[in-house]
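# Geometric and topological summary
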Amino acid sequence: MLTLLPAVDVRDGKAVRLRQGASGSETDYGSPLEAARTWVEAGASWIHLVDLDAAFGTGDNRAQLSAIAKELGGRVHIEMSGGVRDDDSLEAALQAGAARVNIGTAALENPRWTARAIQRHGDRVAVGLDVRGHTLAARGWVRQGGDLFETMAMLDDAGCSRYVVTDVARDGMMTGPNIALLREVAERTNAKVTASGGISSLKDLIAIAALEPLGVDGAILGKSLYAKAFTLAQALRVARGEDPNEPIMRS
């Protein structure tokens, strides 16, 4: 079964969505806690929390993310991302209640620390691969990083158990996921892969689910849910291989 992770991206204390990860392109969706509650009540088993201010280096929303994890962590798994670049920020996320923490820029700028973090925390650490073509993006996607597959080879050697793969050009654009990129990444690693960026329809989820035999076992849902392209209940049905339009039977 494909694991779905509704996203709550936080900037200036508010839930927002960006277009192509660009600072200043935010659409405001109100309270992050209320957004997270909505997805939990709709059946989510994971919530993907992103601190955009930490990612962009414009502050942090650590208190808001911790409050969400404290209230909802007993009901769902929490994945945290954004600005995790050193021991302090990683430990803060884990102590706040994150079941898994995504490391992004640090994997590019400080590979030795990233390798130590992976070896110390195992599958509680994932690495975000934010990609333009086959080139990685760093520091909130405003700088160019290294080659995707060279970086993956280093991370594989370090024992990375999961990659979160985002095609930056598609993120928040509702233009469909980059299936070719997801397939290429999955075929080159034994690590699990979470798909992120561009999901716009239930057909997109079906296409991602078809990659499960290769190791693509999760998908982050953002703009598609907030724009009401489909409901989380429908998406969860697709993830289970069921008809998304079949009436829900209640006891």
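In short, a report on the structure. (Residues numbered from 1 in each chain as written. Predicted model: local features only at pLDDT ≥ 70, side-chain atom pairs only at ≥ 80, totals over all residues. Heavy atoms only, no water.)

## A closer look at the overall build of the chain
Within the chain, the regular secondary structure consists of 11 helices and 12 strands. Put simply, of all contacts in the chain between residues at least 6 apart along the chain, 65% involve residues at least 24 apart. Counting only carbon and sulfur atoms, one obtains 46% of the accessible surface of the chain, whose full area is about 11,200 Å². (Helix = DSSP H or I, 4+ residues; strand = E, 2+ residues; numbered from the N terminus. Contact = heavy atoms within 4.5 Å. Areas by Shrake-Rupley, 256 points an atom, 1.4 Å probe, with all protein chains shown as cover.)

## Some details on the pattern of salt bridges
As enumerated under the stated definition, the model contains 9 salt bridges in all. In this structure, Glu 242 and Arg 237 form a salt bridge, with 3.3 Å as the shortest nitrogen-oxygen distance. Take Arg 237: its relative accessible area is 11%, and that puts it in the buried class. Several salt bridges share partner residues, and in doing so they unite Glu 34, Arg 37 and Glu 71 into one network. (Salt bridge = Lys/Arg side-chain N within 4 Å of Asp/Glu carboxyl O. Buried < 20%, exposed > 50% of the residue type's maximum accessible area, 1.4 Å probe, protein only.)

## Brief notes about the pairing of strand 4 (residues 46-51)
In terms of burial, strand 4 is largely enclosed, as 6 of its 6 residues are buried. Burial of the side chains of strand 4 extends over both faces: Trp 46, His 48 and Val 50 are buried on one face and Ile 47, Leu 49 and Asp 51 on the other. Direction of pairing for strand 4 relative to strand 5 (residues 77-81): parallel, over a ladder of 5 bridges. Bridging across to strand 5, Ile 47 finds its partner in Ile 78. (Pairing = 2+ DSSP bridges.)

## Digging into helix 4 (residues 87-95)
The complete set of buried residues in helix 4 reads Ser 89, Leu 90, Ala 93 and Leu 94. End-on view of helix 4: buried residues confined to an arc of 135 degrees, all on one side of the axis. Projecting away from the buried face of helix 4 at angles above 90 degrees are the exposed residues Asp 88 and Gln 95. Against helix 3 (62-72), strand 5, strand 6 (100-103), helix 6 (111-121) and strand 7 (125-132) lie the buried residues of helix 4. One side-chain oxygen of the residue at the start of helix 4 lies 3.3 Å from the amide nitrogen of Asp 88, identifying that residue as Asp 86. (Arc of directions from axis to C-beta. Polar contact = N/O pair within 3.5 Å; in protein donor to acceptor, adjacent residues only side chain to side chain.)

## Things to note about the packing of aromatic side chains
Under the defined criterion, the tally for this structure stands at 1 aromatic pair. Ring centres 5.4 Å apart and planes at 85 degrees place the aromatic pair Trp 39 and Tyr 226 in the edge-to-face group. Placement of Trp 39 in helix 1 (residues 32-41) and of Tyr 226 in helix 10 (residues 223-226) is noted, with a sequence separation of 187 residues between them. Since its relative accessible area comes to 10%, Trp 39 is described here as buried. The ring of Trp 46 has Arg 100 sitting right over it, with the charged end atom 4.3 Å from the ring centre. In this arrangement the basic side chain of Arg 188 is found over the ring face of Phe 149, its NZ or CZ atom lying 3.9 Å from the centre. (Phe/Tyr/Trp six-rings, centres within 6.5 Å; stacked < 30°, edge-to-face > 60°. Lys NZ or Arg CZ within 6 Å of the ring centre and 35° of its normal.)

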